[in-house]
Amino acid sequence: MAKQKATPEALKKQELGSRLWLDYYNRTLYEKGLITEQERNQMSLKISSCRLPHP
């Protein structure tokens, strides 16, 4: 059985969902004091600038 190729819209939704989760975890780590503000800011920049791989 051939695997269906995801539509560009579906890929955008998946990427947005992934970024939302990464932002949530980044913020949570900072709020719990597990990372510094500088680390949080660096990670935020990386999250916003990277393109996530698609399966």
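Use the structure listed above.
These numbers come from a predicted model, not from an experiment. (Residues numbered from 1 in each chain as written. Predicted model: local features only at pLDDT ≥ 70, side-chain atom pairs only at ≥ 80, totals over all residues. Heavy atoms only, no water.)

Of the regular secondary structure elements, the protein chain holds 2 helices and 0 strands. Put simply, the protein chain has 55 residues, and 11% of those count as buried. Carbon and sulfur atoms make up 58% of the accessible area of the protein chain, which amounts to about 5100 Å² in all. (Helix = DSSP H or I, 4+ residues; strand = E, 2+ residues; numbered from the N terminus. Buried < 20%, exposed > 50% of the residue type's maximum accessible area, 1.4 Å probe, protein only. Areas by Shrake-Rupley, 256 points an atom, 1.4 Å probe, with all protein chains shown as cover.)

Per the stated rule, a full pass over the model turns up 3 aromatic pairs. Centroid distance Trp 21 to Tyr 24: 5.7 Å. Interplanar angle 90°. Geometry classified as edge-to-face. Here Trp 21 and its partner Tyr 24 are both found in helix H1 (residues 8–31), 3 residues apart, which amounts to about one turn of the helix. An aromatic cluster of at least three residues, connected via ring pairs, comprises Trp 21, Tyr 24 and Tyr 25. (Phe/Tyr/Trp six-rings, centres within 6.5 Å; stacked < 30°, edge-to-face > 60°.)

A separate point is the packing of H1 against helix H2 (residues 37–49). Following both chains from N to C, one finds H1 and H2 inclined at 175°, their axes separated by 10 Å at the closest point. Taken together, the axes of H1 and H2 are roughly antiparallel relative to one another. The segment H1 lies against H2, with Arg 19, Leu 22, Asp 23, Asn 26 and Tyr 30 engaging Glu 37, Arg 40, Met 43, Ser 44, Ile 47 and Ser 48. A class-by-class count of the residues in the contact of H1 with H2 yields 4 nonpolar, 3 polar and 4 charged. (Axes fitted to C-alpha atoms, helices over the stretch in contact; angles between N-to-C directions. Parallel < 35°, antiparallel > 145°, perpendicular 65-115°, else oblique. Contact = heavy atoms within 4.5 Å. Nonpolar A, V, L, I, M, F, W, Y, C, P; charged D, E, K, R; others polar.)

Here the focus is the side chain of Thr 28. Within the element layout of this structure, Thr 28 appears in helix H1. The class of Thr 28 is buried, set by a relative accessible area of 18%. At a separation of 2.8 Å, a polar atom in the side chain of Thr 28 contacts the main-chain carbonyl oxygen of Tyr 24. (Polar contact = N/O pair within 3.5 Å; in protein donor to acceptor, adjacent residues only side chain to side chain.)

Here we come to H1. Under the 1.5 Å per step criterion, the end-to-end length of H1 is 34 Å for 24 residues, consistent within 8% with the ideal 34 Å. For H1, the set of buried residues is Glu 15, Asn 26 and Thr 28. Tucked into the core, H1 has its buried residues touching H2. Taken from the residues just after H1, Gly 33 is the one with a positive phi, measuring 80°. (Expected span 1.5 Å × (residues − 1).)

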